[in-house]
Amino acid sequence: MLNKTSLLKKPKPLFSILYCLLILFCSHCAFRPSGTLSHYDSYFPHESNTNPIPKGKIRTTFLGTTSILLDDGETQILTDGFFSRPSLWKTAFSKIESNPSTVQSVIDKAKIERLKAIFVCHSHYDHVMDAPLVAKQTQAKLFGSSSTLNVGLGAGLNQKQMEKFQPGKPIQIGKFTITVLESKHTPPFRIFGKTNATDPNHPNIESPLIPPVKATDYIEGGTFDFFIQHGKNKILIKSSTNFVEGALDKAKVDVLFLGIAQLSLQPIPFQEKFYEQTVQTTKPKLLIPIHWDNFFKPLSVPLEPNLQLGDDFESNMKYILKRTQDDKVEVQLLQGFETIDLF
Ligand SMILES: [Zn+2]
């Protein structure tokens, strides 16, 4: 007769060890960068201009994720300004808030000294979290959605230093004319069973968001692109990997800053439509990929590609490089604090 206990499935020791090794191996891979930057060395300009900006030129400095500083020598404007970059551990397991000394060190290192406006593309923490503090520390005006303004109010920013932007209505800042365009967030994804999709019943931050708060308390609140004109030069800053069909039909540009996060994780037809609705529609001479770096690491060390946990930098770049080669569009990557003259 069979002993009853022998019928219970006891995990075999070898199987348990292999299973544990597999889990360790997978998590080890997940926390590794999703690409090797040295493969793209020739796409980095490896030059940082420190000379005064010649009249009529526009200098840009990349400050990670979708934080882009534009400077014509008289006026600076900035998108997002996410500089604190709390660690993955902190972001996942505790409340987060801006780090004033980190923010100030970035302001100093990037020579943000005549900043007049900050434009926030959406109100997830990796875009909006530090914008109110950057505004406070530089006296710049914060432009954003109602959700962004609630982040500003929660951080104690004076209402007079904030303005809700209206898509389609140009805003003049020095010689820069900024038109905000309705856009769409990168398709939602799941991580450890959690989704970053917006709850349709709560699409906006409805009241002042007083930090510290959980990362998930930063609700998208709409996603926007920025079409920027300066004299005859035109720039589009598109932070998210998505599009509103036809929204960029009239936005021919010289330089396109293009969010490429998770591009290759989307179905092929999406990738093709995204490329068509962005690069092929705006016809830039120069494309600068953005939102490719691991924002759980500080800006004080060289940027690394997003983690394998949620992205595939290598495949994103392969796709972009192949398509732009066919279309004869120049591509440049920028390291953190790297600066180039666009025109
Ligand atoms: Zn987002």
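Residues numbered from 1 in each chain as written. Predicted model: local features only at pLDDT ≥ 70, side-chain atom pairs only at ≥ 80, totals over all residues.

So, on to the packing of helix α8 (residues 268-282) against helix α9 (residues 313-327). In helix packing, the relevant descriptors are the interaxial angle and the interaxial distance, both defined with respect to the helix axes. Running from N to C, α8 and α9 cross one another at 50 degrees; their axes reach a closest spacing of 12 Å. By the angle between their axes, α8 is oblique relative to α9. Crossing angle aside, the handedness with which α8 passes α9 is right-handed. Contacts between α8 and α9 involve Q271, Y275, V279 and Q280 from the first element and Y319, R323, T324 and D327 from the second. Considered class by class, the residues forming the contact of α8 with α9 number three nonpolar, three polar and two charged. (Axes fitted to C-alpha atoms, helices over the stretch in contact; angles between N-to-C directions. Helix = DSSP H or I, 4+ residues; strand = E, 2+ residues; numbered from the N terminus. Parallel < 35°, antiparallel > 145°, perpendicular 65-115°, else oblique. Left-handed = near helix turned anticlockwise from the far one by under 90°. Contact = placed C-beta atoms within 7 Å. Nonpolar A, V, L, I, M, F, W, Y, C, P; charged D, E, K, R; others polar.)

With that out of the way, let us pick up the nonpolar core. Judged by nonpolar contacts, the single largest core of 75 residues is most densely connected at I118 and F257. Each residue touching F257, except ones within four places of it in the same chain, is listed here: I68, L236, I237, K238, I288 and I290. (Core = buried A, V, L, I, M, F, W, Y, C linked by C-beta atoms within 7 Å. Buried ≥ 20, exposed ≤ 12 C-beta atoms within 10 Å, placed from the backbone.)

Within the open sheet, the seven strands sit side by side as β6-β5-β4-β3-β2-β1-β16. Their pairing is mixed. Every interior strand has two partners, whereas the edge strands, β6 (162-164) and β16 (339-341), have only one. Across the sheet, the mean angle from the axis of one strand to that of its neighbour is 20 degrees, orientation sign disregarded. Summarising the sheet, strand β1 (residues 59-62) and strand β2 (residues 68-71) pair through four bridges and their orientation is antiparallel. When the sheet's bridge partners are listed, F62 is paired in β2 with I68. (Pairing = 2+ DSSP bridges.)

Turning to the sheet that holds strand β8 (residues 176-182), a few remarks are in order. Sheet strands associate in pairs through backbone hydrogen bonding, adopting either a parallel or an antiparallel arrangement. An order of β7-β8-β11-β12-β13-β14-β15 is seen for the seven strands of this open sheet, with the pairing classed as mixed. In the strand order of this sheet, the two ends are held by β7 (171-173) and β15 (330-331), each with one partner. Pairing geometry for strand β11 (residues 224-230) and strand β12 (residues 233-238), over five bridges, is antiparallel. When the bridges of β12 are listed, H230 appears paired with N233.

Right, let's talk about the UniProt feature "domain: Metallo-beta-lactamase" (unreviewed entry) in the protein for a bit. Per the UniProt annotation, the sites labelled "domain: Metallo-beta-lactamase" (unreviewed entry) are residues 108-183. When the span residues 108-183 is considered, its composition is 30% helix and 29% strand, and the gap between its end C-alpha atoms is 32 Å. (UniProt positions renumbered as here; feature names shortened; annotations may be inferred.)

The next thing to look at is the pairing of strand β13 (residues 255-259). Summarising burial for β13: five of the five residues are buried, a large majority. Of the two faces of β13, both are covered, the one formed by V255, F257 and G259 as well as the one formed by L256 and L258. Where β12 lies against β13, four bridges are found, and the strand directions are parallel. Bridge pairing in β13 places I237 opposite F257. Sheet topology note: the β13/strand β14 (residues 286-290) ladder contains five bridges and is parallel. For V255, the partnering residue across the bridge sits in β14 and is L286. Assessed by its sense of winding, the connection that carries the chain from β13 through α8 to β14 is right-handed. (Right-handed = clockwise from strand over helix to strand, strands pointing away.)

With 91% of its residues at a pLDDT of at least 70, the protein reaches an overall mean of 92. Under a pLDDT of 50 for its full length, residues 1-8 has, in the predicted model, one contact with residues more than four places off or in other chains. (pLDDT = per-residue confidence, 0-100.)

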